[in-house]
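Architecture and fold: a report
Listed below, chain by chain, are the residues.
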Amino acid sequence: MVYFLIFISAIFVNNIVLSQFLGICPFLGVSKKIDTALGMGAAVTFVLTLATVVTYLLQCLLVMWHVEFLQTILFILVIAALVQMIEIVLKKVSPSLYQALGVFLPLITTNCCLLGVAILVANGTNKLPMGAEHNLLTGTLFALATAFGFALALVIFAGLREQLSMNKVPKAMQGTPIALLTAGLLAMAFMGFSGVV
């Protein structure tokens, strides 16, 4: 039951992009079409889960050697290296998947959602339901659920933006203003889930 609560909480209640405002750049930049939003969501899900596991284990070494001050720099290097390794492996193993992800893999390197979740899980400061302890399993589940929540918010926002592009929007509100207003309304809609968990 605790794992289910972690999953629901990270997706709906504590959505990383709508309640904690991490990952806003790709949220606004890649959300003009549902296809690109789905691609970015899939890429973030894979990289975020893998990066969280690696950085959690790296944090154990940093604590053991008493060099916790290197956390941010090492986590950034690990995330960048993981993205590059994944890009190389996908290019060799599955060229079709590599072509499908396209520009999304390099974009993930600069996504602050990855670094934010990795630091939250490694430090044990991620929001977990009562009774859940901070360990590798709950951290990985939290990262996976957070990535699903990011992808869900991104796809919903892309659908709203596609719908808005077909409607007549006042000239002063076209582009970024209506996107920010829509993102705010979407964040308020997700706040309705706060009483669930």
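These remarks concern the structure in this document.

Cut-offs and rules
Residues numbered from 1 in each chain as written. Predicted model: local features only at pLDDT ≥ 70, side-chain atom pairs only at ≥ 80, totals over all residues. Heavy atoms only, no water. Phe/Tyr/Trp six-rings, centres within 6.5 Å; stacked < 30°, edge-to-face > 60°. Core = buried A, V, L, I, M, F, W, Y, C linked by side-chain atoms within 4.5 Å. Buried < 20%, exposed > 50% of the residue type's maximum accessible area, 1.4 Å probe, protein only. Helix = DSSP H or I, 4+ residues; strand = E, 2+ residues; numbered from the N terminus. Contact = heavy atoms within 4.5 Å. Expected span 1.5 Å × (residues − 1). 1 Å grid on protein atoms, 1.4 Å probe; cavity = no way out; pocket = protein on both sides within 12 Å on 5 of 7 lines; lining within 4 Å. Points joined across faces, edges and corners; volume = space filled by probe spheres on them. Nonpolar A, V, L, I, M, F, W, Y, C, P; charged D, E, K, R; others polar.

With that settled, consider the packing of aromatic side chains. Here a ring pair, both rings aromatic, is described through the centre-centre distance and the interplanar angle of the planes. The full count for this structure, using the stated rule, is 5 aromatic pairs. By the ring-pair criterion, three or more aromatic residues cluster together here, those being Phe12, Phe190 and Phe193.

Our next topic: the nonpolar core. Judged by nonpolar contacts, the single largest core of 53 residues is most densely connected at Leu18, Phe27, Leu48, Leu105, Ile108 and Val117. Every element with two or more residues in this core is listed here: helix H1 (2–13), helix H3 (34–64), helix H4 (71–93), helix H5 (95–101), helix H6 (104–109), helix H7 (112–123), helix H8 (136–165) and helix H9 (176–191). Ignoring sequence-local partners within four residues, the contact set of Leu18 consists of Phe27, Ala153, Ala183, Leu186, Ala187 and Phe190.

Within the fold, Leu82 resides in helix H4. In this structure, the C-alpha to C-alpha distance between Leu82 and Val17, residues 65 residues apart in sequence, is 22 Å. Setting aside residues up to four positions removed in sequence, Leu82 forms contacts with Leu50, Ala51 and Val54.

Another point: H9. Three or four residues apart is the spacing at which side chains of an α-helix point the same way, because the helix has 3.6 residues per turn. Here H9 is 16 residues long and its end C-alpha atoms lie 22 Å apart, about the 22 Å a rise of 1.5 Å per residue gives. Of all the positions in H9, only Ile178, Ala179, Thr182, Ala183, Leu186, Ala187 and Phe190 are classed as buried. Check the buried side of H9 and you find it contacts H1, helix H2 (24–29) and H8.

This brings us to the layout of surface pockets. If you add up the space inside the largest pocket, you get close to 210 Å³. Taken together, Lys32, Arg161, Glu162, Leu164, Ser165, Val169, Gln174, Gly175, Ile178 and Ala179 make up the full set of residues lining the largest pocket. For the lining of the largest pocket, the secondary-structure elements that each account for two or more residues are H8 and H9. Considering each element in turn, the lining of the largest pocket owes the most residues, 4 residues, to H8. Along the lines of polarity and charge, the residues of the lining of the largest pocket split into 4 nonpolar, 3 polar and 3 charged.

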